[in-house]
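If you want the building blocks of each chain, they are given just below.
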Amino acid sequence: MRGYELVLIIKPDLDDEALEAVIEKVRSMIENDGGTIAKIDKWGKRRLAYEIKDLREGIYYIINFKGEAAVSAELDRVLKITDSVLRHMIVREEE
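In this report, we go over the structure that sits alongside the text. (Residues numbered from 1 in each chain as written. Predicted model: local features only at pLDDT ≥ 70, side-chain atom pairs only at ≥ 80, totals over all residues. Heavy atoms only, no water.)

Further remarks concern a negative patch on the surface. Taken together, the side chains of Asp15, Asp16, Glu17 and Glu20 make up a negatively charged region of the molecular surface. Considering the arrangement of structural elements, one finds Asp16 in helix H1 (residues 16-32). Judged by relative accessible area, which is 63%, Asp16 ranks as exposed. (Patch = residues over 30% accessible without salt bridge, like charges linked within 9 Å, V, L, I, M, F, W, Y side chains within 5 Å. Areas by Shrake-Rupley, 256 points an atom, 1.4 Å probe, with all protein chains shown as cover. Salt bridge = Lys/Arg side-chain N within 4 Å of Asp/Glu carboxyl O. Lys, Arg positive; Asp, Glu negative; His and termini not counted. Charge placed at Lys NZ, Arg CZ, Asp CG, Glu CD. Helix = DSSP H or I, 4+ residues; strand = E, 2+ residues; numbered from the N terminus. Buried < 20%, exposed > 50% of the residue type's maximum accessible area, 1.4 Å probe, protein only.)

The next point concerns the sheet that holds strand S3 (residues 55-67). Hydrogen bonds along the backbone pair up the strands of a sheet, which may run parallel or antiparallel. If you trace the four strands from one edge of the open sheet to the other, you get S2-S3-S1-S4, paired in antiparallel fashion. Unpaired on one side and paired on the other, strand S2 (36-52) and strand S4 (85-92) mark the two borders of the sheet. Direction aside, neighbouring strands of the sheet carry axes that sit 20 degrees apart on average. Bridge count for strand S1 (residues 2-10) against S3 is nine bridges, and the pairing is antiparallel. Bridge pairing in S3 places Arg2 opposite Gly67. (Pairing = 2+ DSSP bridges. Axes fitted to C-alpha atoms, helices over the stretch in contact; angles between N-to-C directions.)

As a further point, take the pattern of salt bridges. The tally for this structure, following the rule as stated, stands at four salt bridges. For the salt bridge of Arg27 with Glu24, the shortest nitrogen-to-oxygen distance reads 3.4 Å. Of this pair, Arg27 and Glu24 are both found in helix H1, three residues apart, which corresponds to roughly one turn of the helix. Using a relative accessible area of 42% as the deciding quantity, one classes Glu24 as partly exposed. Glu51 is the salt-bridge partner of Arg56, the closest N and O atoms lying 2.9 Å from each other. On the basis of relative accessible area, Glu51 is assigned to the partly exposed category, the value being 39%.

We now examine the nonpolar core. In terms of nonpolar packing, the biggest core is built from 19 residues, with Leu6, Leu8, Ile10, Val26, Phe65 and Leu75 touching the most fellow members. When residues of this core are traced back to their parent elements, those giving at least two are S1, H1, S3 and helix H2 (69-80). The element contributing the most residues to this core is H1, with six residues. Those residues in contact with Leu6, other than ones at most four positions away along the chain, are Val26, Tyr61, Ile62, Ile63, Phe65, Leu75, Leu79, His88, Met89 and Ile90. In this structure, Leu48, Ile52, Leu55 and Leu86 belong to the second largest nonpolar core, which totals six residues. (Core = buried A, V, L, I, M, F, W, Y, C linked by side-chain atoms within 4.5 Å. Contact = heavy atoms within 4.5 Å.)

Written out as structure tokens, the structure is:
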């Protein structure tokens, strides 16, 4: 299994319950496909470098996980169509 780092920028106007639902969705997708989560780091609300969908702030999360390439591909596909996620990026860590 390879190591990956996922950076999520989530809409800042979500309440705590909806925010936890997004993170739980990501967690369950990784674990259901055979991956393991090493660390979830919440950076909190930060100012964006430029406006995205008329928003100037976003809630940042960094998630480190291990899994196969299929886990990363499926996660990328689902995050692209999730409305509450402004941007995401998955990077494979060096070994």
